[in-house]
Amino acid sequence: EANSMQFDRVNYETHGTTALITFNEPDKLNALSTGIRSGFCKALDQARHDDDIRVIIVTGAGDKSFCAGADISGFEFTPSYAKNFIDEVLDILALAEQINKPVIAAVNGYAFGGGFELSIACDFIIASEQAKFAVPEIQLGLLPGFAIARLNKLIGRQQAKYLSMTGTKLSAEEAKDLGLILKVVPHEQLLTQAFALADELASKPQMAIRYAKSIYNRELGGDELTYAKDVMPFLFLDDDTKEGVTAFREKRKPIFK
Ligand code: COA
């Protein structure tokens, strides 16, 4: 029996032992607005504290986008804004790693920037054949710090550098070929398949599942994220960043110096 709640711009439903978390600002491609960020934190907290919940699925409302990344409309170019923003966002991106229950990203469309990073923080990614993956931050003069910290081990240094330094978009099949995601499914089967995986995980002994996650987490280290939090704010003070962000807002191509 389904139970549903709303946390800011995020929907939360429980279906048996699975919690379904849906980013719900499809007009803005589910970018990480204040309401999505706070709602995601609250929804994960709810799932964490509900003993009946064994697995969490994260997805995006609408057919177009999982999450288009950080909310570019709020960017300011001051050192204090930049530091606070980077600290907050990197913590949010890492939340799915830190919760001790498995998290499945059901990627229904664009997983760009922070949306891409949020998906790779999940334990499993199942993608619709319409999904697209990219870390396009370079085009704003910025960097995907969380992805840089994680992609080496996921897909190797060459591919990681290529994606983060060029912002190249990947189809779901290309992401699968790189080993970035578990599987690609027909768009209309996305949630069914995510729930099937959730049920499979929920049927296993939960102590062993949680220990598996925490043993895998040991290889994550921690230094890279601390370093990213310290250095990335400086990028906001670069003229090319101001130009990249302004160009996105004005819907034109940036002219970098
Ligand atoms: N932050 C804030 N708003 C965003 C956004 C973001 N990251 N991504 C998309 N939006 C908004 C657009 O501004 C637009 O708003 P509007 O309707 O008020 O003009 C709306 O969502 C639809 O996006 P649009 O760009 O028109 O859709 P599209 O299909 O042409 O392109 C993308 C889709 C994902 C390719 C494009 O939106 C994009 O490149 N987004 C930015 C991704 C990014 O750089 N993320 C990292 C940020 S650090």
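Think of each chain on its own: its residues are numbered from 1, step by step along the sequence as written. Where local features are concerned, this predicted model is filtered to residues with pLDDT of at least 70; where side-chain atom pairs are given and counted, the filter is 80 or more; whole-chain, interface and lining totals use all residues. Side-chain figures throughout are based on the complete set of non-hydrogen atoms in the structure, without hydrogens or water.

1. Considerations on the sheet that holds strand β6 (residues 103-107)
Okay, step 1: In this scheme, strands are said to pair when DSSP sees at least two bridges between them. Elements are defined by DSSP. Helices are runs of H or I of four residues or more, strands are runs of E of two residues or more, and each kind is numbered from the N terminus. The seven strands are arranged β1-β2-β3-β4-β6-β8-β11 in an open sheet whose pairing can be described as mixed. If you trace the sheet from one side to the other, it starts and ends with β1 (2-7) and β11 (183-185), each paired once. Put simply, the sheet's adjacent strands are angled 20 degrees from each other on average, direction ignored.
Okay, step 2: Alignment of β6 against strand β8 (residues 124-128), held across four bridges, turns out to be parallel. Considered in β8, the bridge of A106 is made with I126.
Okay, step 3: Contacts are residue-level and defined by heavy atoms, with any inter-residue pair within 4.5 Å sufficient. Note on geometry: axes are C-alpha line fits, over the in-contact stretch for helices, and angles between N-to-C directions span 0 to 180 degrees. With respect to the sheet, helix α1 (residues 34-49) is in contact with β1, β2 (10-15), β3 (18-23) and β4 (55-60), its orientation differing from that of β2 by roughly 20 degrees.

2. Quick notes on the site of the ligand
Okay, step 1: The nearness test applies per residue and asks whether one of its heavy atoms lies within 4 Å of the molecule or strand. Residues in contact with the ligand amount to 18 residues; listed here are only the nearest, K28, K64, A70, I72 and K251.
Okay, step 2: By the criterion applied in these results, polar contacts are pairs of N or O atoms within 3.5 Å in which, for protein atoms, one can donate a hydrogen and the other can accept it, and in which residues neighboring in sequence qualify only through two side-chain atoms. In the environment of the ligand, a nitrogen atom lies 3.1 Å from a nitrogen or oxygen atom belonging to the backbone of A68.
Okay, step 3: Between a nitrogen atom of the ligand and a main-chain N or O atom of A70, the distance comes to 2.7 Å.

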